[in-house]
Amino acid sequence: MGWIGDTVDSIKSIQIRQLLTQAVSLGMIVTSALIIWKALMCITGSESPVVVVLSGSMEPGFKRGDILFLHMSKDPIRAGEIVVFNVDGREIPIVHRVIKVHERQDTGEVEVLTKGDNNYGDDRLLYAQGQLWLQRHHIMGRAVGFLPYVGWVTIIMTEKPIIKYILIGALGLLVITSKD
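Residues numbered from 1 in each chain as written. Predicted model: local features only at pLDDT ≥ 70, side-chain atom pairs only at ≥ 80, totals over all residues. Heavy atoms only, no water.

Glancing now at the side chain of R142. For R142, the location among the structural elements is in strand β6 (residues 139-147). A polar atom in the side chain of R142 sits 3.3 Å from the side chain of E81. Apart from the residues within four sequence positions on either side, R142 is in contact with F69, L70, H71, S73, D75, P76, I77, E81, I82, V83 and R136. (Helix = DSSP H or I, 4+ residues; strand = E, 2+ residues; numbered from the N terminus. Polar contact = N/O pair within 3.5 Å; in protein donor to acceptor, adjacent residues only side chain to side chain. Contact = heavy atoms within 4.5 Å.)

Okay, structure coming up:
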């Protein structure tokens, strides 16, 4: 029984070692993704360097499911630029075009008014109650490029969570059963 017991222990040891290797590999992948995201935040100056267009308010320029690449610089925001902004009380950022720029005479602070290209009126109804303009701190970044349709993966996983859980489960199973 000594030789058989040693063999079984050896096989268990290899399986545990393989499982630990897979867990470390998965951890390295997740850590690498976070490091890349933080590096992009530093390079672009934006708290979210990549966003997905979630509505049709910017059609025909940007369609639902397009991915936008953002950059935030110290340059003044100009009318006509496409910006992504957060509104107090809302979690999801909005992608719209700047239609007016207003400079306060007393402080020199620049405020902007936005509108979706496919919307009838400006965005004042979307802003927080009593807010007429967006300040610089509301703006996450300016659109500098886009990738069409790739964001549909995110939209589908958000709207149909079961698909997200199936995908995560399948990827987890693949990692655990992988022999490398």
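From this point on, the discussion continues.
The next subject is the pattern of salt bridges. According to the stated counting rule, one finds three salt bridges in the structure shown. With a shortest N-O distance of 3.3 Å, E81 and R142 are connected by a salt bridge. Highlighted residues: E81 in the loop between β2 (67-71) and β3 (82-85) and R142 in strand β6, separated in sequence by 61 residues. A residue is classified by how much of its surface remains accessible, and E81, at 24% relative accessible area, is partly exposed. D117 serves as the salt-bridge partner of R97, at 2.8 Å between the closest nitrogen and oxygen. Taken together, the residues R97 in strand β4 (residues 94-103) and D117 in the loop between β5 (110-115) and β6 connect sequence positions 20 residues apart. For D117, a relative accessible area of 29% translates into the label partly exposed. (Salt bridge = Lys/Arg side-chain N within 4 Å of Asp/Glu carboxyl O. Buried < 20%, exposed > 50% of the residue type's maximum accessible area, 1.4 Å probe, protein only.)

This paragraph deals with the packing of aromatic side chains. For the structure shown, the criterion picks out two aromatic pairs. On the numbers, 5.1 Å between centres and 80° between planes, the contact of F62 with F146 is edge-to-face. Separated by 84 residues along the polypeptide, F62 in the loop between β1 (50-52) and β2 and F146 in strand β6 bring together distant segments of the chain. For F62, a relative accessible area of 11% gives the class buried. With 6.1 Å between their ring centres and 80° between their planes, F85 and Y127 make a pair best called edge-to-face. (Phe/Tyr/Trp six-rings, centres within 6.5 Å; stacked < 30°, edge-to-face > 60°.)

Below, the discussion takes up the layout of surface pockets. Quantified by volume, the largest pocket comes out at close to 700 Å³. What lines the largest pocket is a set of 23 residues, and nearest its centre among them are V51, V52, V53, L54 and T154. Only β1, β4 and α2 (152-159) provide two or more residues apiece to the lining of the largest pocket. In terms of residues, the lining of the largest pocket owes the most to one element, α2, which gives five residues. Of the residues that constitute the lining of the largest pocket, the class distribution is 15 nonpolar, five polar and three charged. (1 Å grid on protein atoms, 1.4 Å probe; cavity = no way out; pocket = protein on both sides within 12 Å on 5 of 7 lines; lining within 4 Å. Points joined across faces, edges and corners; volume = space filled by probe spheres on them. Nonpolar A, V, L, I, M, F, W, Y, C, P; charged D, E, K, R; others polar.)

A few words on the sheet that holds β6. Overall, antiparallel pairing links the six strands, which are arranged β1-β2-β6-β3-β4-β5 in an open sheet. Strands at the two margins of the open sheet, each flanked by one partner only, are β1 and β5. Averaged over all adjacent pairs, the angle separating strand axes in this sheet is 50°, with direction ignored. Examined bridge by bridge, β1 and β2 share three bridges and lie antiparallel to one another. Residue pairing across strands places V52 opposite I67, the latter belonging to β2. (Pairing = 2+ DSSP bridges. Axes fitted to C-alpha atoms, helices over the stretch in contact; angles between N-to-C directions.)

Under the local residue numbering, the UniProt record ascribes the feature "transmembrane region" (unreviewed entry) to residues 20-40, 139-156 and 162-178. Taken end to end, residues 20-40 comprises 100% helix and 0% strand; its first and last C-alpha atoms sit 30 Å apart. A distance of 26 Å separates the end C-alpha atoms of residues 139-156, which is 28% helix and 50% strand. (UniProt positions renumbered as here; feature names shortened; annotations may be inferred.)

Generally speaking, nonpolar side chains in soluble globular proteins are found buried as a group. In terms of nonpolar packing, the biggest core is built from 13 residues, with I77, V83, F85, V112, Y127 and I139 touching the most fellow members. Mapped by element, the contributors of at least two residues to this core are β3, β4 and β5. If we ignore the near neighbours within four places in the chain, the residues touching Y127 are F85, V87, V112, L113, T114, L132, W133 and L134. (Core = buried A, V, L, I, M, F, W, Y, C linked by side-chain atoms within 4.5 Å.)

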